Amino acid sequence: MSEAVVVAGRFEELYGAAPEGVWAAPGRVNLIGEHTDYNDGFVMPFALPHTTVAAVSRRTDGVLRLHSDDVEGGVVELSLDALTPEADRAWTAYPSGVVWALREAGHTAVTGADVHLTSTVPTGAGLSSSAALEVVVALALNDLYDLGLKGWQLARLCQRAENVYVGAPTGIMDQTASACCESGHALFLDTRDLSQRQIPFDLAAEGMQLLVVDTQVKHSHSEGEYGKRRAGCEKGAALLGVDALRDVAYDELDAALDRLGDDEEVRRLVRHVVTEDQRVERVVSLLKSGETRAIGPVLVEGHASLRDDFRISCPELDLVVDTALAAGALGARMTGGGFGGSAIVLVDATDADAVTKAVEEAFADAGFTAPRVFVAVPSAGARRVS
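Attention in this report is confined to the structure presented alongside it. Nothing here was measured: the structure is a model prediction, and the numbers come from that model.

1. Some thoughts on the overall build of the protein
Working step 1: For the protein, the count of helices and strands is 11 helices and 12 strands.
Working step 2: A compact globule built from 386 residues should have a C-alpha radius of gyration of about 21 Å, and the protein, at 21 Å, falls within 12% of that.
Working step 3: Judged by the C-alpha coordinates and their principal axes, the protein covers about 60 × 50 × 40 Å.
Working step 4: For the protein, buried positions account for 58% of its 386 residues.
Working step 5: The contacts in the protein between residues at least 6 apart in sequence include a share of 73% that link residues at least 24 apart.
Working step 6: Here the protein displays about 14900 Å² of accessible surface, and carbon together with sulfur accounts for 47% of that area.
Working step 7: Distance from the positive charge centre (33 side chains) to the negative charge centre (57 side chains) of the protein: 2 Å.

2. Some points on empty space enclosed by the protein
In this approach, a probe sized like a water molecule rolls over the atoms, and the result shows the empty space that is left.
Working step 1: With the rule as written, the count across this model stands at 1 cavity of 30 Å³ or more.
Working step 2: The space that makes up the largest cavity amounts to roughly 100 Å³.
Working step 3: Looking at the largest cavity, it is lined by 13 residues, and the ones nearest its centre are Glu 34, Asp 37, Met 173, Asp 174 and Tyr 226.
Working step 4: Of the residues contributing to the lining of the largest cavity, the split by class is 3 nonpolar, 6 polar and 4 charged.

3. Looking at the packing of helix H3 (residues 129-144) against helix H5 (residues 173-180)
Working step 1: Orientation of H3 relative to H5, taken along the N-to-C sense of each, is 55 degrees, at an axis distance of 9 Å. When the axis of H3 is compared with that of H5, the two are oblique. When the axes of H3 and H5 are compared, the crossing they make is right-handed. Here H3 contributes Ala 131, Ala 132, Glu 134 and Val 135 to the contact with H5, which in turn contributes Asp 174, Gln 175, Ser 178 and Ala 179.

4. A short note on the pattern of salt bridges
Working step 1: Considering all chains together, one arrives at 22 salt bridges under this definition.
Working step 2: Salt-bridge contacts for Lys 228 lead to Glu 225; the nearest nitrogen and oxygen are separated by 3.2 Å. Of the two residues, Lys 228 and Glu 225 are both situated in helix H6 (residues 225-240); the distance of 3 residues between them amounts to about one turn of the helix.
Working step 3: By sharing partners, the salt bridges in this structure join Arg 59, Asp 61, Arg 65 and Asp 114 into a single network.

5. Some points on the nonpolar core
Working step 1: Ranked by internal contacts, the top residues of the largest apolar core, which has 51 residues, are Val 56, Leu 64, Leu 102, Val 115, Leu 117 and Leu 141.
Working step 2: In terms of residue count, the dominant contributor to this core is H3 (9 residues).
Working step 3: Setting aside anything within four residues of it in sequence, one finds Val 115 in contact with Phe 11, Tyr 15, Ala 54, Ala 55, Val 56, Leu 64, Arg 65, Leu 66 and His 67.
Working step 4: Grouped together as the second largest cluster of nonpolar side chains are 36 residues, Leu 211, Tyr 226, Leu 269 and Val 274 included.

6. A short note on the pairing of strand E5 (residues 112-119)
Working step 1: For E5, the tally of buried residues reaches 7 of 8 residues, placing the bulk of the element in the interior.
Working step 2: Pairing between strand E3 (residues 63-68) and E5: 6 bridges, direction parallel. Considered in E5, the bridge of Leu 66 is made with Val 115.

7. A closer look at unusual backbone geometry
Working step 1: Positioned with a positive phi, His 35 is a non-glycine residue whose angle comes to about 65 degrees.
Working step 2: Take His 35: it is sitting in the loop between strand E1 (21-32) and strand E2 (42-58).
Working step 3: On the basis of relative accessible area, His 35 is assigned to the buried category, the value being 4%.
Working step 4: Here Asp 40, not a glycine, exhibits a phi torsion of approximately 65 degrees, which is positive.
Working step 5: On the secondary structure map, Asp 40 appears in the loop between E1 and E2.
Working step 6: Judged by its relative accessible area of 24%, Asp 40 is partly exposed.

How each quantity is defined
- Residues numbered from 1 in each chain as written.
- Predicted model: local features only at pLDDT ≥ 70, side-chain atom pairs only at ≥ 80, totals over all residues.
- Heavy atoms only, no water.
- Helix = DSSP H or I, 4+ residues; strand = E, 2+ residues; numbered from the N terminus.
- Rg over C-alpha atoms; globule rule 2.2 N^0.38 Å.
- Buried < 20%, exposed > 50% of the residue type's maximum accessible area, 1.4 Å probe, protein only.
- Contact = heavy atoms within 4.5 Å.
- Areas by Shrake-Rupley, 256 points an atom, 1.4 Å probe, with all protein chains shown as cover.
- Lys, Arg positive; Asp, Glu negative; His and termini not counted.
- Charge placed at Lys NZ, Arg CZ, Asp CG, Glu CD.
- 1 Å grid on protein atoms, 1.4 Å probe; cavity = no way out; pocket = protein on both sides within 12 Å on 5 of 7 lines; lining within 4 Å.
- Points joined across faces, edges and corners; volume = space filled by probe spheres on them.
- Nonpolar A, V, L, I, M, F, W, Y, C, P; charged D, E, K, R; others polar.
- Axes fitted to C-alpha atoms, helices over the stretch in contact; angles between N-to-C directions.
- Parallel < 35°, antiparallel > 145°, perpendicular 65-115°, else oblique.
- Left-handed = near helix turned anticlockwise from the far one by under 90°.
- Salt bridge = Lys/Arg side-chain N within 4 Å of Asp/Glu carboxyl O.
- Core = buried A, V, L, I, M, F, W, Y, C linked by side-chain atoms within 4.5 Å.
- Pairing = 2+ DSSP bridges.

Okay, structure coming up:
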């Protein structure tokens, strides 16, 4: 029995009628380009096979009913007229924030919905479970209410829901990846103008794998540290007289750092963002020229920058990277917002088991919770499945 059939059946149990449709939106892994999206920079995510699935039907009475199999409790009923930013701090803030953002943008045709959700995207693992939740609801409502919005437009509205309604100052990457990625590709995204290029990324054909190591260390973007980094980047841009750190050219970085004087914290943040944008461009160039193995050292550089300059790694993430490299990995780095979550490890397929075993043993020796390790396969973005 397909997942769509199971989710539709559960919807009918909850709401007494079959749903009008079932939709899915994936989590994502970011190959390279961390904390560059809110600096108008470059990112390169790809979608995971792990998805949030939503069965949805329209309502005409201004009521939003929400249920998730992944959260304890029954159906939550909300009035659309009562939806206000930051009033809801539960999981329901993500889907209700999407409805709020749609209506704030003038899509008042959205007059309510019954929604049932389930997800295989690990939460708190830096794999964009919140974006998958937002995007799947946005896509369902877009289809049901015939709003005619494109993927990038849905991503913008979902970002607004997370920034304003939920209160988490995230960039545009996660939602765009969930909405727009294609199977077998990584998405090269310019977050300033949202221009996109799908870059072929078929590791299996080249005898390689990309492992995701979920450290099981949970984080929350809205708890403050993420916001501090973003504010520091904005301060750096203001001090340098540019609209965003994207505007600081890589070959002018040293001069820019000199202009920042002795503000060491801002210097570190600026250095990471400027060098990370350059790393994204290097990875794109290497993949386009067929030099996939050569992206490994670039990933390692990215981790060092996130650890030492942006300072958002943690002992578990560092242990993954160091252990994997010592066991023969081609490259490794933390991925996602930081302060926990996941790391990615590029390996020859023949080395995958040995690297996985080495990481698991290192965690056990350190007394850490056992990590969850799986192979990341570039997958399709959000779509209707039933």
